[in-house]
Amino acid sequence: MNKTCTRTFAAAILLTCGTSLFADTQDAGFVEDTGAALRIEAGDELRVVSQEVPSAVCHLHNGVAPELAADLLIEGVEKFDRLLSALMVGDADFGIIGGEEKPRTIRLLDDLQVDWKTMRAAALSVHDNPNDETSVSLVYGMASDMLEKTYVVLSELEAEYSNPVELLYSDAMLLEVSGRQAMLTQRISYLACRKWSSSADNEYIDLLRTATEQYRFAMQAMQNGAPELGVNPPPTPEIDAALHAVGDDTELVLGKIDTLFETGALSAERAADLYAIMADKMHKMEKIAHLYAEYSKRVY
């Protein structure tokens, strides 16, 4: 993943790119709810979009599920714009009350915004002209760095807003894992597209193997719990049902990736099918992450 973390999932859910999750704690006491869990959820979704947009660009450029890819590209652009604004200045409709106040987090958001403007312009150019090779290459070149930068922003938000009053560690961990699963659906889609379109070198195969292993492991941990990693079983029947709805066919879906590993190729039909499935799983995992965010409010 170049600079992006390539640890196994077991290590990655405890460490994010070398930064301990939830490193800062605050003294318990009255803390006004300004949307702590929802800020972390927004950071998680930025991470998802950092891969949703490159995946859409790859599929659109290669003419695979072009209508879906065009829709997801615009969805991703609009989502990133609003999420970033919500984190910077607040968005009451999102439940994020007030703008960011911590100088370091503000600097990280500002830096992310600069790079996002570049990726955004290139992605929209591909939307208008899927054969724009220059813009496609620019998005490809930025995909891993954008993932890295959204990781850093998320880690900062987790450290800033996770405390015994606003957000329990166990809840923050579940938000982290569910959000990461949503991101991995798009990371897998993007890396698979780069492989079957023959626009990637062998490094991408290693990255794809790592991403699929992480996805498989995390799905099992979320469905059944992994106490040794701080991942609790589903806390409500609704979340349990949602996790099984999205995860029970994991091996079947990842079997399509195994075919790619074995043959180095996917037919256009299979590639489009994989893209649609992973897009559906992304949306379902985002809903699950929101269920976890809502569940966390029980401590207020």
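Throughout this description, residue numbers start from 1 for each chain and increase along the sequence as written. Predicted model: local features are reported for residues with pLDDT of at least 70 only, side-chain atom pairs are reported and counted for 80 or more only, and whole-chain, interface and lining totals are derived from all residues. Side-chain figures throughout are based on the complete set of non-hydrogen atoms in the structure, without hydrogens or water.

Details of the overall build of the protein chain
Argument step 1. Helix numbering and strand numbering both begin at the N terminus, where a helix is a DSSP run of H or I of at least 4 residues and a strand a DSSP run of E of at least 2. When helices and strands are tallied, the protein chain shows 10 helices and 2 strands.
Argument step 2. The order of helices and strands in the protein chain, counted from the N terminus, is α-β-β-α-α-α-α-α-α-α-α-α.
Argument step 3. Buried residues in the protein chain amount to 54% of all 300 residues.
Argument step 4. In this analysis, two residues are considered to be in contact whenever any of their non-hydrogen atoms come within 4.5 Å of each other. By sequence separation, contacts in the protein chain at least 24 residues apart represent 79% of the contacts at least 6 residues apart.
Argument step 5. What sets the accessible areas is the Shrake-Rupley method with a 1.4 Å probe; for residues, cover comes only from the shown protein chains. For the protein chain, the accessible surface area stands at approximately 12,100 Å², while carbon and sulfur atoms represent 51% of it. Residue burial is assigned from relative accessible area. The probe radius is 1.4 Å, only protein chains are included, and a residue is buried under 20% of its type maximum, exposed over 50%, and partly exposed in between.

What about the packing of helix H6 (residues 169-196) against helix H7 (residues 202-224)?
Argument step 1. Inter-axis angles, ranging from 0 to 180 degrees, are taken between N-to-C directions of lines fitted to C-alpha atoms, where helices are fitted over the stretch in contact. The interhelical angle for the contact between H6 and H7, taken along N-to-C directions, is 150°, at an axis separation of 9 Å. Taken as axis vectors, H6 and H7 run roughly antiparallel relative to one another. Helix-helix and strand crossings are classified by hand; for H6 and H7 the assignment is left-handed.
Argument step 2. Of the residues that constitute the contact of H6 with H7, the class distribution is 15 nonpolar, 5 polar and 4 charged. For this classification, under 35 degrees means roughly parallel, over 145 means roughly antiparallel, 65 to 115 means roughly perpendicular, and everything else is oblique. In this scheme the handedness of a crossing depends on how the near helix is turned from the far one: anticlockwise by less than a right angle means left-handed, clockwise means right-handed. Side-chain classes follow a simple rule in which Ala, Val, Leu, Ile, Met, Phe, Trp, Tyr, Cys and Pro form the nonpolar group, Asp, Glu, Lys and Arg form the charged group, and the remainder, Gly included, forms the polar group.

Notes on the pattern of salt bridges
Argument step 1. Take a side-chain nitrogen of Lys or Arg and a carboxyl oxygen of Asp or Glu: if they are within 4 Å of each other, that pair is a salt bridge. Evaluation of the coordinates by the stated rule reveals 16 salt bridges.
Argument step 2. Residue Arg82 is joined to Asp91 by a salt bridge in which the shortest nitrogen-to-oxygen separation is 3.0 Å.
Argument step 3. The salt bridge involving Arg104 is made with Glu156; its shortest N-O contact spans 2.9 Å. Of the two residues, Arg104 is situated in helix H4 (residues 103-128) and Glu156 in helix H5 (residues 133-161); the sequence distance between them amounts to 52 residues.

So, unusual backbone geometry
Argument step 1. At Ala65, a residue that is not glycine, the phi angle is positive and equals roughly 45°.
Argument step 2. With phi around 60°, Ser198 is a residue other than glycine that occupies positive phi space.

Some details on the packing of helix H2 (residues 36-61) against H4
Argument step 1. Put simply, H2 and H4 touch, their axes get as near as 10 Å, and they point 25° apart. The orientation of H2 with respect to H4, classified from their angle, is roughly parallel. Of the two possible hands of crossing, H2 and H4 adopt the one that is left-handed. Between H2, through Leu46, Ser50, Val53, Pro54, Val57 and Leu60, and H4, the contact on the second element is made entirely by Leu112, Trp116, Met119, Ala123, Val126 and His127.
Argument step 2. Here the residues of the contact of H2 with H4 are counted per class, giving 10 nonpolar, 2 polar and no charged.

Observations concerning the state of the cysteines
Argument step 1. Throughout, disulfides are identified as pairs of cysteine sulfur atoms within 2.5 Å of each other. Counted according to the given criterion, the structure contains 1 disulfide.
Argument step 2. One disulfide bridge connects Cys58 with Cys193, the sulfur atoms lying 2.0 Å from each other. A torsion of -95° about the S-S bond marks the disulfide between Cys58 and Cys193 as left-handed. With a gap of 135 residues between them, Cys58 in helix H2 and Cys193 in helix H6 connect regions that are remote in the sequence. Pair check on accessibility: Cys58 and Cys193 agree, each one buried.

Re H5
Argument step 1. Between its first and last C-alpha, H5 extends 41 Å over 29 residues, near the 42 Å set by a 1.5 Å rise per residue.
Argument step 2. At any given residue, the bend is defined as the angle formed between two axes, one fitted to the seven residues that end at that position and one fitted to the seven that begin there. The sharpest bend along H5 comes to roughly 40°, located at Ala143. Working rule for helices: expected span equals 1.5 Å times residues minus one.

Regarding the confidence of the model for the protein chain
Argument step 1. Think of pLDDT as the predictor's per-residue confidence, scored from 0 to 100. Looking at the protein chain as a whole, the pLDDT averages 87, with 86% of positions reaching at least 70.
Argument step 2. In the predicted structure, residues 1-31 sits below a pLDDT of 50 and forms 71 contacts with residues beyond four places in sequence or in another chain.

Looking at the environment of Leu207
Argument step 1. Structurally, the position occupied by Leu207 is in helix H7.
Argument step 2. Of the residues examined, Leu207 reaches a relative accessible area of 7% and is grouped as buried.
Argument step 3. For the pair Leu207 and Arg187, spaced 20 residues apart in sequence, the C-alpha separation works out to 9.3 Å.

Things to note about H4
Argument step 1. Here H4 spans 37 Å end to end across 26 residues, near enough to the 38 Å set by a 1.5 Å rise per residue.
Argument step 2. Burial in H4 covers these residues: Thr105, Leu108, Leu109, Leu112, Asp115, Trp116, Met119, Ala122, Ala123 and Val126.
Argument step 3. Where H4 is buried, its residues meet H2, helix H3 (66-89) and H5.

Structural notes on the side chain of Gln51
Argument step 1. Its location among the elements puts Gln51 in helix H2.
Argument step 2. Counted as a polar contact is a pair of N or O atoms within 3.5 Å, where, for protein atoms, one must be capable of donating a hydrogen and the other of accepting one, and residues adjacent in sequence contribute only when both atoms are in side chains. Separated by 3.3 Å, the side chains of Gln51 and Ser50 make a polar contact.
Argument step 3. With residues up to four places along the chain from it excluded, the contact list for Gln51 reads Ala143, Leu147, Met183, Gln186, Arg187 and Tyr190.

Remarks on the environment of Thr150
Argument step 1. For Thr150, the position within the fold is in helix H5.
Argument step 2. Sequence separation between Thr150 and Leu108 is 42 residues, and the spatial gap between their C-alpha atoms is 9.1 Å.
Argument step 3. Excluding residues that lie within four positions of it along the chain, Thr150 makes contacts with Leu46, Arg47, Ser50, Phe80 and Leu112.

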